[in-house]
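Here is how the chains run, residue by residue.
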Amino acid sequence: MGVSQQSRSFTRFGCLSGAITTSSPRNSSICASDTLVVRTVLIATCSSRGLLGIWNTATGVLLRRINFTTGNGSEKREVPLFCVDWAPDGKTLAVASLDNACHVVRVDGTVVRRLKHPAGCFGVAFCPLQPGVLASSCADGAVRVWELGSDYGAGAAAKTQSATPTATFKGHEKRTFM
C-alpha cells in the first residue's frame, strides 16, 4: 500500500482518520473506520476486522499484522478496533477496541497492558509531552486518563497491580470519541 499525496495531509497531532484501501485479500474494500497514525517511516492502521497493521511508508510493505480476537476454538471472533496512537517512544502503541478495553502494544506484537473499560473503547491518545500518560474515550460517555509510567506499564510492578484511571471525566451522555 503506498501513501498518496492526499493522505499525507494530517492534523498537527499526526493522526489521520478516514477511508483507506489495502491490498490484503481479506481487507480489500474501503474501510471508513480505519485510523492512520504517521511516524517517521512507519504507519499503524487498525480495522473493524480486528487487525492492527504496521507498515513501512517508503516501501508500502506490511511489516507486522497483529490480530485481536476473543474467545477460543469455534467461539473465536475478531474484535473491532477503532483507533490507534503511537507513544512518544515510537515503539509502543495504544489501540481502542470494542472488547471493553484499550490495549497497550509493543511494535513486536507483545500486548503490554489491557486497560479495562465498562463499555467499548473508541479513542486513544498518548500525551506527547508526558511519556506514559494515555487518554481513552468510552461508550459510557467518559474520558479516562491513565498514568502508565515511562515503561508504558510493562514493568514488573504493573503486572501485579490493577490498572485504574488517574482521572475520569464524565459529562457526555453517549459515546465519546477522540
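In the block above lies the structure referred to throughout.
Residues numbered from 1 in each chain as written. Predicted model: local features only at pLDDT ≥ 70, side-chain atom pairs only at ≥ 80, totals over all residues. Heavy atoms only, no water.

A.B. asks: Quick question: what am I supposed to make of the environment of Trp86 here?
C.D. replies: By the element assignment, Trp86 lies in strand E8 (residues 81–86). The exposure class of Trp86 is buried, given its relative accessible area of 2%. Spatially, the C-alpha atom of Trp86 lies 9.4 Å from that of Pro128, the residues being 42 residues apart in sequence. (Helix = DSSP H or I, 4+ residues; strand = E, 2+ residues; numbered from the N terminus. Buried < 20%, exposed > 50% of the residue type's maximum accessible area, 1.4 Å probe, protein only.)

A.B. asks: I would appreciate a short explanation of the side chain of Asn56 in the present structure.
C.D. replies: Position of Asn56 relative to the elements: it lies in strand E4 (residues 51–56). Residue classification places Asn56 among the buried positions, given a relative accessible area of 18%. Here Thr59 takes part through its backbone nitrogen, which lies 3.0 Å from a polar atom of the side chain of Asn56. Apart from the residues within four sequence positions on either side, Asn56 is in contact with Val41, Leu42, Val61 and Leu63. (Polar contact = N/O pair within 3.5 Å; in protein donor to acceptor, adjacent residues only side chain to side chain. Contact = heavy atoms within 4.5 Å.)

A.B. asks: I'm lost on the environment of Gly171 in this one. Help?
C.D. replies: With respect to the secondary-structure elements, Gly171 resides in the segment after strand E15 (167–169). Gly171 sits 29 residues away from Ala142 along the chain, and the two C-alpha atoms are 6.9 Å apart.

A.B. asks: Hey, could you run me through the packing of aromatic side chains in this one?
C.D. replies: The way to describe two aromatic rings as a pair is by their centre distance and the angle between their planes. A complete count under the given rule lists one aromatic pair for this structure. Seen in terms of ring centroids, Phe82 and Phe122 are 4.7 Å apart; in terms of plane orientation they differ by 45 degrees. Their pairing is tilted. Taken together, the residues span a long stretch of sequence, with Phe82 in strand E8 and Phe122 in strand E12 (residues 121–126) at a distance of 40 residues. Using a relative accessible area of 8% as the deciding quantity, one classes Phe122 as buried. (Phe/Tyr/Trp six-rings, centres within 6.5 Å; stacked < 30°, edge-to-face > 60°.)

A.B. asks: What's the story with the sheet that holds E8 in this structure? I'm lost.
C.D. replies: Two modes of strand pairing occur in sheets, parallel and antiparallel, and in both the strands are linked by backbone hydrogen bonds. The strand order across the open sheet formed by four strands is E8-E9-E10-E11, and the pairing between neighbours is antiparallel. Looking at the sheet topology across the chains shown, the edges are occupied by E8 and strand E11 (111–116). Recorded for the sheet is a direction-independent mean angle of 20 degrees between the axes of neighbouring strands. With five bridges joining them, E8 and strand E9 (residues 92–97) adopt antiparallel strand pairing. Note on E9: the bridge partner recorded for Leu81 is Ser97. (Pairing = 2+ DSSP bridges. Axes fitted to C-alpha atoms, helices over the stretch in contact; angles between N-to-C directions.)

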